[in-house]
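Next come the chains, spelled out residue by residue.
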Amino acid sequence: MNSFVVTKKYKKMAVLVNKESKVIVQGFTGSEGTFHAGQMIEYGTNVVGGVTPGKGGQTHLDRPVFNSVAEAVEKAGADVSIIFVPPAFAADAIMEAAEAGIKVIVAITEGIPVADMTKVKSYITNKDCTLIGPNCPGVITAGQAKVGIMPGFIFKEGKIGIVSKSGTLTYEAADQISKVGLGVTTAIGIGGDPIIGTTTRDAVQLLMADPETEGIVVIGEIGGNLEAEAAEWIKEHGTKPVVGFIAGETAPKGRTMGHAGAIVGGEDDTAEAKKRIMRACGITVVDSPAHIGKAMAELFAVKA
Amino acid sequence: MNLHEYQGKSILKSYGVGIQEGVVIDSADQATDAAKKLTEETGTEWYVVKAQIHAGGRGKGTVEETGSHGVVLAKGIDKIPEVVNGILGGHLETAQTNGKAKKVGKVLIAQDVYYPGESEISEIYMSVLLDRESGQNVIVYSTEGGMDIETVAEKTPELIYKEAIDPALGLQGFQARKIAFKLGLSGAAFKAMAKFVNSLYNAYVGCDASMFEINPVLKTSDDKVIAVDAKVTLDENALYRHKDYAAMRDISEEDPTEVEAKADELNYVKLDGNVGCMVNGAGLAMATMDIIKFSGGEPANFLDVGGTANAERVEKAFRLILKDKNVKALLVNIFGGIVRCDRVAQGIVDAYNNIGDINVPIIVRLQGTNAIEAKKLIEDSGLSVHSVTLLQEAADKVAEVLAV
């Protein structure tokens, strides 16, 4: 493919997805895929087709159905894919997209076996692609493209980027950010599984580099060390105000709280420990999730 | 999903991992026959009787009814009935049972493997688990087996080693040999350990485990390497391809309300607090629990009702939460996106009317699509439900209700 054109185009992107993204839906004709593809199109996302093996040549939601991702890349120029394939086949779908040259792969599917994801993670290491998720609400660039299952109207256009492991908590944050008048650039739902493609740090890095984003909200939860890793990076390289929240202060040790990755294993992955590290790295951490918007507004008031 | 020791060992054995052999029984009158059978198979004359519960620290734990420990050595077949009766059917409390004793429904009668012989016996620690940071499986091992690994990590962290496994290539022979070498083994024991590590890793991958912890791995006095204990957790998301292991689930180990919730496809975890909550989404559910605490309460549960919060599901969720007599208030927190708030509100009204005698205050926070219509619907219903839209208002309302 013409890689020069692709590179040039990506420079114009907000973060990850924008108006020009050519999006395909893997698992297009299934019930989830159909519903959410419809919602994405309604939002204004440039959905150029979908993939359902064996149904190639048909038309669905007024868009072409392809047999493979490679065919969708070749015939429709797809560069972003969103995956609604059932858990047993989702790892395969991600690898197919990576192999076909898709640049941004958003895996919504919840419940992919961990062993499958260790293989995916290894497989895509040397591929030129960014995997978001799995088990995530997707990515939305306000007013441009919704590649996910989030309710689009909550994300008012503005200047704050959001990185989050959780779906509804992202909506909560976006709603608060919009209500204090700041609005959202891009919200990245990275997912709540133990193995995910884009980490908190990766997403923060993207938003720090985006000229349109002026502040960042980081929403984490118990389990793993992604927030600490991001906090250390922010301490060294951060140039924009960051507000953080960690869910699960009251979660008991050793119990999985909904998300497969949300489990306190030791001392380091409790909400308390994460908040302590984030604060030490200069992040404004709120204890109550009701204060996310307020805290960001205060940071901007001081700045102004 | 957690397995019992005897189940974990049966999986290990099927992959060729050496184990301490044993016979599991659920009734005391099977005890002597089981011991006899074990002697015929292994030649053992002493027996280790081990309570089968999903918790560690059994050896130091105490059976409430009899004062017996959870793991007891019976020095001879004549001692078996007394030892078994001291454990089986009783309630065992250990350092890991969170203050509650667990009913012992099964005991494992295992061979004695600490018999004297030519070489020195050594206890080793070994586990296989996912390293989330690298996305790779790692084998964690230590010469300091037989004790709590967290204690080892604290006192002598230099004695804990890690070997990362490339997911594309799997465990290589040289890695297994490196482990055996670092554990200070030689001769027959070295070879036995390399084979043990290899089989253990195959078992881990083969059954889609998320954790294997073998503590201790024993190097016997005749240079065999065997698993004396097995703590196994399987990846719930992969159980669909392991129907035989899925059938090993022991629901008596789980909270009955959680089992019921699972049957209704509700994601519920029972906690000890006084404010129940029903939320859509796992992250928001955890955040709601935190809000309850900041408002002066303690969360009574985690409950993610999911994307389809219709009347039927809301009613099931309400019934689950209200079963808990500690619950003094109930907070519903739904952020409606794709799901419309007015539909959820109608679900709440219907569920409330169907259940009838709800006598704890309910605070409903509905935000998102059609939130205003939803608030009106609840206010017009005449139910004694507090309706709010902002998260902060919900927090304040919880504090207010608890103060009464």
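See the structure above.
Keep in mind that what you see is a predicted model, and the values were worked out from it rather than measured.

Draft legend 1. The arrangement of the pattern of salt bridges in detail. Residue and element names in this part refer to chain B. This model, assessed by the stated rule, comprises 37 salt bridges over all chains. With a closest N to O distance of 2.3 Å, Lys323 and Glu260 form a salt bridge. With Lys323 in helix α10 (residues 311–323) and Glu260 in helix α8 (residues 256–263), this pair connects stretches of sequence that are 63 residues apart. Overall, the relative accessible area of 46% leaves Lys323 in the partly exposed class. Glu260 gets classed as partly exposed once you look at its relative accessible area, which sits at 34%.

Draft legend 2. Region of the structure containing unusual backbone geometry. With an omega of 10 degrees, the peptide bond between Gly133 of chain A and Pro134 of chain A qualifies as cis. Along the polypeptide, Pro134 of chain A turns up in the loop between β7 (130–132) and β8 (138–141). The omega torsion of the bond from Asn215 of chain B to Pro216 of chain B falls at 5 degrees, within 30 degrees of zero and hence cis. Along the polypeptide, Pro216 of chain B turns up in strand β11 (residues 209–219).

Draft legend 3. Just the pairing of strand β8 (residues 122–131) of chain B, in detail. Residue and element names in this part refer to chain B. Pairing geometry for β8 and β11, over seven bridges, is antiparallel. Counterpart to Ser127 in the pairing with β11 is Glu213. Judged from the seven bridges that link them, β8 and strand β9 (residues 136–142) form a sheet pairing that is antiparallel. Note that in β9 the partner of Leu130 across the bridge is Asn137. Between β8 and β9, which follow one another and run antiparallel, lie four residues, and Gly135 among them has a positive phi close to 70 degrees.

Draft legend 4. Region of the structure containing the sheet that holds strand β4 (residues 71–74) of chain B. Residue and element names in this part refer to chain B. With antiparallel pairing, the four strands of this open sheet are ordered in space as β1-β7-β2-β4. Each edge of the sheet is formed by a strand with only one pairing partner; in this case those strands are β1 (22–25) and β4. For this sheet, the mean angle separating the axes of adjacent strands, direction not counted, is 20 degrees. Direction of pairing for strand β2 (residues 47–51) relative to strand β7 (residues 107–111): antiparallel, over a ladder of five bridges. Counted as the bridge partner of Ala51 is Val107 from β7.

Draft legend 5. Representation of the interface of chain A and chain B within the structure. At the interface, 57 residues of chain A touch 41 residues of chain B. Overall, the association of chain A and chain B removes approximately 3700 Å² of surface from exposure, summing both partners, and the carbon and sulfur fraction of that is 61%. A per-residue breakdown of the area chain A buries against chain B is headed by Thr168, Thr250 and Met257 of chain A, which together make up 16% of the total. Run the count over chain A and chain B and you get three salt bridges. For Arg365 of chain B, the salt bridge is made with Glu172 of chain A, and the minimal N-O distance between the two is 2.7 Å. Summed over the shared surface of chain A and chain B, the result is 12 residue pairs in polar contact (both at pLDDT 80 or more). Listed by contribution, the elements that provide at least two residues to the side of chain A that touches chain B are α2 (31–43), α5 (114–124), α6 (167–179) and β13 (242–247) of chain A. In terms of residue count, α6 of chain A provides more of the side of chain A that touches chain B than any other element does, seven residues in total.

Draft legend 6. A look at the packing of aromatic side chains. Inspection of the entire model under this criterion finds five aromatic pairs over all chains. The interplanar angle of 80 degrees and the centroid separation of 6.5 Å between the aromatic rings of Phe155 of chain A and Tyr171 of chain A together place this pair among those described as edge-to-face. Taken together, the residues Phe155 of chain A in the loop between β9 (145–148) and β10 (157–164) and Tyr171 of chain A in helix α6 connect sequence positions 16 residues apart. Considered together, Phe155 of chain A and Tyr171 of chain A belong to a single accessibility category, that of buried residues. Taken together, a centroid distance of 6.1 Å and an interplanar angle of 65 degrees make the contact between Tyr171 of chain A and Phe335 of chain B edge-to-face. Remark: Phe335 of chain B occurs in strand β17 (residues 329–336) and Tyr171 of chain A occurs in helix α6; the pair is interchain, linking two chains. Residue Tyr171 of chain A is classed as buried on the basis of its relative accessible area of 8%. Overall, Phe335 of chain B belongs to the buried group, its relative accessible area being 1%. Aromatic ring contacts, followed pair by pair, group Phe155 and Tyr171 of chain A together with Phe335 of chain B into a single cluster.

Draft legend 7. Representation of the state of the cysteines in the model. Inspection of the entire model under this criterion finds zero disulfides over all chains. Sulfur of Cys277 of chain B: no disulfide; nearest cysteine sulfur belongs to Cys341 of chain B and is 17 Å away.

Draft legend 8. Broad picture of the environment of Ile188 of chain A. Residues and elements named next belong to chain A. Of note, Ile188 is situated in strand β11 (residues 184–189). According to the relative accessible area criterion, Ile188 is buried, its value standing at 0%. As for Ile188 and Met150, which are separated by 38 residues in sequence, their C-alpha atoms are 11 Å apart.

Draft legend 9. Up close: the nonpolar core. Ranked by size, the top nonpolar core spans 93 residues in total, and within it Ile82, Val106, Phe155, Ile188 and Met257 of chain A carry the most contacts. With seven residues, helix α9 (residues 282–294) of chain B is the largest single contributor of residues to this core. In terms of nonpolar packing, the next biggest core, distinct from the first, is built from 70 residues, Ile24 of chain A together with Leu12, Ile139 and Val225 of chain B among them.

Draft legend 10. Up close: helix α7 (residues 200–209) of chain A. Residues and elements named next belong to chain A. Turning to α7, its buried residues number three or more, namely Thr200, Ala203, Val204, Leu207 and Met208. In an axial view of α7, the angular spread of the buried residues amounts to 135 degrees, which keeps them on one side of the axis. Residues of α7 that are buried sit in contact with β10, β11, β12 (215–221), α8 (226–237) and β13.

Draft legend 11. Structural context of the sheet that holds β11 of chain A. Residues and elements named next belong to chain A. Taken in spatial order, the seven strands make up an open sheet running β9-β8-β11-β10-β12-β13-β14, and their pairing is mixed. Looking at the sheet topology across the chains shown, the edges are occupied by β9 and β14 (284–285). Taken together, the five bridges between β10 and β12 define a ladder with parallel strand orientation. Bridge pairing in β12 links Gly161 to Ile216. Docked against the sheet, α2 engages β8 and β9, running at close to 165 degrees with respect to β9. Sheet strands touched by helix α9 (residues 271–280): β12, β13 and β14. Its angle to β13, the strand with the most contacts, is close to 170 degrees.

Draft legend 12. Focus on the packing of helix α5 (residues 173–182) of chain B against helix α6 (residues 187–206) of chain B. All names here are of chain B. For the pair α5 and α6, the least separation of the axes is 8 Å and the interaxial angle reads 130 degrees. If you check the angle between α5 and α6, you find them oblique. The interaxial crossing formed by α5 with α6 has right-handed handedness. Of the residues in α6, those touching α5 at Ala176, Arg177, Ile179, Ala180 and Phe181 are Phe190, Met193, Ala194 and Val197.

Draft legend 13. Summary view of the environment of Gly43 of chain B. Residue and element names in this part refer to chain B. Residue placement: Gly43 occurs in the loop between α2 (31–42) and β2. Judged by relative accessible area, which is 47%, Gly43 ranks as partly exposed. For the pair Gly43 and Lys376, spaced 333 residues apart in sequence, the C-alpha to C-alpha distance is 77 Å.

Definitions and cut-offs
- Residues numbered from 1 in each chain as written.
- Chains lettered and ligands numbered in written order.
- Predicted model: local features only at pLDDT ≥ 70, side-chain atom pairs only at ≥ 80, totals over all residues.
- Heavy atoms only, no water.
- Salt bridge = Lys/Arg side-chain N within 4 Å of Asp/Glu carboxyl O.
- Helix = DSSP H or I, 4+ residues; strand = E, 2+ residues; numbered from the N terminus.
- Buried < 20%, exposed > 50% of the residue type's maximum accessible area, 1.4 Å probe, protein only.
- Pairing = 2+ DSSP bridges.
- Axes fitted to C-alpha atoms, helices over the stretch in contact; angles between N-to-C directions.
- Contact = heavy atoms within 4.5 Å.
- Buried area = accessible area lost by both parts, 1.4 Å probe.
- Polar contact = N/O pair within 3.5 Å; in protein donor to acceptor, adjacent residues only side chain to side chain.
- Phe/Tyr/Trp six-rings, centres within 6.5 Å; stacked < 30°, edge-to-face > 60°.
- Disulfide = S-S within 2.5 Å.
- Core = buried A, V, L, I, M, F, W, Y, C linked by side-chain atoms within 4.5 Å.
- Arc of directions from axis to C-beta.
- Parallel < 35°, antiparallel > 145°, perpendicular 65-115°, else oblique.
- Left-handed = near helix turned anticlockwise from the far one by under 90°.

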